[in-house]
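# Observations on the model geometry
For reference, the chains in residue letters:
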Amino acid sequence: MSSIYTSMDFKFLYCVCFVSLLQSCNGIDRKNNNSGSYEMTKEWSPIKNLKIGSPAGIGIDSKENIFIFHRASRTWPLIGAMPSDFIKERTIIVLNKNGKLLNSWGENLFIMPHGLTIDDEDNVWVSDVGLHQVFKFSKDGKLLMSLGIAKVAGSDSLHFNRPTDIAIAKDGSIYVSDGYGNSRIVKFSAAGKYLLEWGKKGNDIGEFDIPHSITLDWVGNVYVADRENKRIEVFNNKGKFLREIKNNAFGNICAIYYNKLSKQLIAVDDEVSWFGLKHNGSNIIIINADGSIASQFGKEDFKAMHLKGWFHDVCVDKTGNIYVGDILENKVWKFRKKE
Ligand code: ZN
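A brief look at the structure comes next. (Residues numbered from 1 in each chain as written. Predicted model: local features only at pLDDT ≥ 70, side-chain atom pairs only at ≥ 80, totals over all residues. Heavy atoms only, no water.)

### What about the overall build of the protein?
When helices and strands are tallied, the protein shows zero helices and 26 strands. The burial tally for the protein puts 60% of its 339 residues in the buried class. Surface exposure of the protein reaches about 14100 Å², of which carbon and sulfur atoms provide 52%. (Helix = DSSP H or I, 4+ residues; strand = E, 2+ residues; numbered from the N terminus. Buried < 20%, exposed > 50% of the residue type's maximum accessible area, 1.4 Å probe, protein only. Areas by Shrake-Rupley, 256 points an atom, 1.4 Å probe, with all protein chains shown as cover.)

Quick look at the structure:
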């Protein structure tokens, strides 16, 4: 079953409540064309002789170049331990917004690539759930900082347990969603000094069941994709809970990206059944500042393109075009905003 081969990204014992996306919610009628002002381009990673495997992380720099953090030939083990050896191929791919290959690096550095974030100075931040670490690189791949201890899981100020994603504030503060093993957000200073943390496993206010993605808005509030709880939680920069964004139209929220220009949150979800074993496709959800859904589209709207993937990360360029890493189809998709 090709649909499950990367799938330790689910919970065996979670009884998945299937919520029909045909359901009308917040004024969104799924019978209408919900792609709204977006059209899907064909597969957008037209790089010859460069095979992408599970593009888990995706980000965009100030020049609108797209960074892809992928697993190359590595697959997530369905059973048993994580691999311990490094991926030999180049795991970071840099494209311009027309899809032209600009650079690639990241060979022999990572075990299981996951999240990727580009900060305001175009540094590249990645998390590796196999190494239990977070790394800061220059845009060309020079290592500038590492957090966590390689191959040692833990829950104190020095360790992570399968960290999923990173967000960087204007003052350089570092937020890490941690992750699959722990259920917390950890904040560090710009220099990497541990400052504070919040969250524990659960579904109550301020709790998480796989905090899978993290992003910041223009005032520095922290948005966390609480994946298995099918919601987004919002906190201030000290970890104080502010509100949750929840909607019956949400599947498991896998990734979120705050679009500073439109002041909207761009989310991607994953609809699963059979106790999380079967993936039924993904949607892009554009969320207004008040938490209402502006637009939702994807698997229902682009059926003609046989889109049955699993959108794992998302970013947006200045025009509003949306780029998605699909870890089932092993492709990057571009949804172009119409004029
Ligand atoms: Zn994941």
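There's more to say after this.
### Some points on the pattern of salt bridges
Summed over the entire model, instances satisfying the criterion amount to 12 salt bridges. Across the pair Asp-85 and Arg-74 runs a salt bridge whose closest N-O atoms are separated by 3.2 Å. Taken together, the positions of Asp-85 in the loop between β3 (66–70) and β4 (92–95) and Arg-74 in the loop between β3 and β4 put the pair 11 residues apart, joining distant regions of the chain. Of the charged contacts in the structure, one is a salt bridge between Glu-233 and Arg-231, with a shortest N-O distance of 3.3 Å. With respect to class, Glu-233 is no different from Arg-231; both count as buried. Among the charged side chains, a network of salt bridges with common partners joins Asp-226, Arg-231, Glu-233 and Glu-244. (Salt bridge = Lys/Arg side-chain N within 4 Å of Asp/Glu carboxyl O.)

### Overview of the side chain of Ser-104
Tracing the sequence through the fold places Ser-104 in strand β5 (residues 101–105). Accessibility expressed as a relative area gives 15% for Ser-104, which makes it buried. The residues contacting Ser-104, other than those within four sequence positions of it, are Arg-90, Ile-92 and Ile-93. (Contact = heavy atoms within 4.5 Å.)

### Here's the deal with the coordination of the zinc ion
Within the protein, the zinc ion binds to His-114 (NE2), Tyr-180 (OH), His-212 (NE2) and His-312 (NE2); these donor distances fall in the range 2.1 to 2.2 Å. Seen from the zinc ion, its four donor atoms lie at angles of 89 to 169 degrees, and the figure they make is irregular. Read N to C, the donor residues that coordinate the zinc ion are spaced as H-x65-Y-x31-H-x99-H. Highlighted residues: His-212 in strand β14 (residues 211–216) and His-312 in strand β24 (residues 311–316), separated in sequence by 100 residues. (Donors = N, O, S within 2.8 Å, 3.2 Å for Na, K, Ca; no water. Tetrahedral: all angles 85-135°; square planar, octahedral: opposite > 155°, others 65-115°.)

### Let's talk about the side chain of Asp-270
Along the polypeptide, Asp-270 turns up in strand β19 (residues 264–270). Buried charge Asp-270 goes without a salt bridge, the closest partner of opposite sign being Arg-227 at 6.3 Å. Within the local environment of Asp-270, its side chain forms a polar contact with the side chain of His-279, the two groups lying 2.9 Å apart. Those residues within four positions of Asp-270 in sequence are excluded, and the remaining contacts are Gly-251, Asn-252, Cys-254, His-279, Gly-281, Ser-282 and Trp-310. (Lys, Arg positive; Asp, Glu negative; His and termini not counted. Polar contact = N/O pair within 3.5 Å; in protein donor to acceptor, adjacent residues only side chain to side chain.)

### So, unusual backbone geometry
Cis geometry is found at the peptide bond from Asp-178 to Gly-179, where omega equals -15 degrees. Structurally, Gly-179 can be placed in the loop between β11 (174–178) and β12 (184–188). Of note, Ser-54 is a non-glycine position whose phi angle comes to about 45 degrees, a positive value. Mapped onto the elements, Ser-54 comes out in the loop between β1 (38–40) and β2 (55–60). A relative accessible area of 3% places Ser-54 in the buried class. Despite not being glycine, Asn-330 has its phi angle at roughly 55 degrees, a positive value.

### Looking at the pairing of strand β22 (residues 283–287)
The buried count for β22 comes to five of five residues, which makes it a mostly enclosed element. Burial along β22 is two-sided: Asn-283, Ile-285 and Ile-287 and Ile-284 and Ile-286, pointing in opposite directions, are all buried. Note that β22 and strand β23 (residues 293–298) share five bridges and pair antiparallel. Across the sheet, residue Ile-287 finds its bridge partner in β23, namely Ile-293. (Pairing = 2+ DSSP bridges.)

Nothing here speaks to function; it is all geometry.
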